[in-house]
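Commentary on secondary and tertiary structure
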Amino acid sequence: MSSAEPQTLKQQVTLLDLVDRVLNKGVVLSGDITLSVADVDLVYVGLRVLLASVATLEEPRERLSADGARP
Amino acid sequence: MSSAATEPLRRNSVGWYLYGVAAAEDASTRVTSPLAAGTEEEVELVAEGPLVGVVSRVSLHEFDESVLPERLSDANWLEQKIRAHEQVLERVLEDASVVPCRFCTVYRSEAELRRFLSERRGALEAALDRVRGKVEVGVKAFIDRDRFAAGLAKENDDFRELTVHVSTAEGGRAYLERRRLEQLVASELEGFRGEAAGRIHARLLAAAEDGLALALQAPELSGREEEMIFNGAYLVTANRDAFEEALASLARDVGGDGVDLELTGPWPAYNFVPEELGAE
């Protein structure tokens, strides 16, 4: 990666930012159909496939778990 | 889940997908005009007392619990639906404050949807009050290791000397010195991460109504080479000038240490609505 400018302020929305909000945040209502935690995990698995298909990924590092939490 | 889930799934049966809830007096029917090409969702406003539910009629064949897991593993379906969910809410946000619902909140009938809006009216109005006139923005901080090391060399004589050694040394000695430099950078970085994250959050929080530190995004998901050291969400007034000024000034201050800030949003206030909405 090239060295960046001293500071950058970008407006950048990635699919991951969307997923982190749309799937993990927002009001959980007693809808007749709602996503379970297992469903959401499934989405992150799907997302991995999706991102791998659109982005050139480096070797995954092991520092963080799938949901982005620190170990 | 609900007993209805065990009913046999009828093809063509309709569900009501709820994107979010707004105040009836603010929400504009503009949101019901067709969305951008590529999405097929037709948006409707269902008014119930002082509230409106922003909904689309969807096929239960597509959203029923029995088929949902399969859908969720279809990356293309998922991306399209997630983007549509956000797109609809952003259009609502142009005119009205909105309480965003979580992805795939679906009712089996309009009556159930209306019953929900009416039973949870108080909690929904309280949630709306909290986000009225405000939006969420995201701020992520990444560290560029090379610039961090260069910053260290500028401040610290030993570091500078070692950096010079590394650039002039040859053969095996060069390797050892480079290793030593890398280890020193890593150990400095160890303390810096948390300290910088705390400083960034405090400065931004002072310019916002509220704020949260979120979980860091996994590098294999973010696709970023630089390490993320902070991921925050802030509730700010719809006029974001003060917050963006604070952010620009902060970016200048931390830039010398190799930290880049990224702004996302404005978002519906996903992180500033209650997760559970109790009945009254």
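Residues numbered from 1 in each chain as written. Chains lettered and ligands numbered in written order. Predicted model: local features only at pLDDT ≥ 70, side-chain atom pairs only at ≥ 80, totals over all residues.

Notes on the nonpolar core
Using the following cut-off: Only buried residues count toward a nonpolar core: Ala, Val, Leu, Ile, Met, Phe, Trp, Tyr and Cys, linked into one set through C-beta atoms within 7 Å. Exposure in this text rests on C-beta crowding, where 20 or more other C-beta atoms within 10 Å of a residue's own make it buried, 12 or fewer make it exposed, and counts in between make it partly exposed. The C-beta atoms are placed from the backbone. The helix and strand labels rest on DSSP assignments: H or I over at least four residues marks a helix, E over at least two residues marks a strand, and numbering proceeds from the N terminus. Domain start and end points were adopted from an automatic or database domain assignment. It is the C-beta atoms, placed from the backbone, that decide contacts: two residues are in contact if theirs lie within 7 Å.
In this structure, Leu18, Val54, Val92 and Val99 of chain B are the most contacted members of the largest nonpolar core, which totals 82 residues. Here the element with the most residues in this core is helix H3 (residues 75–93) of chain B; it accounts for eight residues. Three or more residues apiece are contributed to this core by two domains, here domain 1 (3–129) and domain 2 (136–272) of chain B. In this view, Val99 of chain B contacts Val27 of chain A together with Gly20, Val21, Leu124, Ala127, Leu128, Val131 and Val273 of chain B; residues no more than four positions away in its chain are not counted.

So, the domain arrangement of chain B
Split into domains, chain B comes out as domain 1 (3–129) and domain 2 (136–272). A C-alpha centroid distance of 38 Å is found between domain 1 of chain B and domain 2 of chain B.

Description of the pairing of strand E3 (residues 51–59) of chain B
Residues and elements named next belong to chain B. Let me state the cut-off plainly: Here the rule is simple: two strands pair whenever DSSP picks up at least two bridges between them.
When you tally the buried positions in E3, you get seven out of nine residues, the bulk of the element. Pairing analysis gives nine bridges linking strand E1 (residues 14–23) to E3, with the strands arranged antiparallel. Opposite Ala22, over in E3, you have Val52 as the bridge partner. Strand direction decides the pairing type here: strand E2 (residues 44–48) and E3, joined by five bridges, are antiparallel.

Description of the packing of helix H8 (residues 171–206) of chain B against helix H10 (residues 241–255) of chain B
Residue and element names in this part refer to chain B. The test is simple: Whenever a helix is involved, its axis is fitted only over the stretch in contact; in every case the axis is a line through C-alpha atoms, and angles between N-to-C directions fall within 0 to 180 degrees. Roughly parallel covers angles under 35 degrees, roughly antiparallel covers those over 145, roughly perpendicular covers 65 to 115, and oblique covers all other angles. Crossings are assigned a handedness: left-handed for a near helix turned anticlockwise from the far helix by less than a right angle, right-handed for a clockwise turn.
Two elements in contact, H8 and H10, have axes separated by 10 Å at closest approach and are oriented at 155 degrees. Classified by the angle between their axes, H8 and H10 sit roughly antiparallel to one another. Crossing hand, H8 versus H10: right-handed. From H8, Ala196, Ile200, Arg203 and Leu204 reach across to H10, where they touch Ala246, Leu247, Leu250 and Val254.

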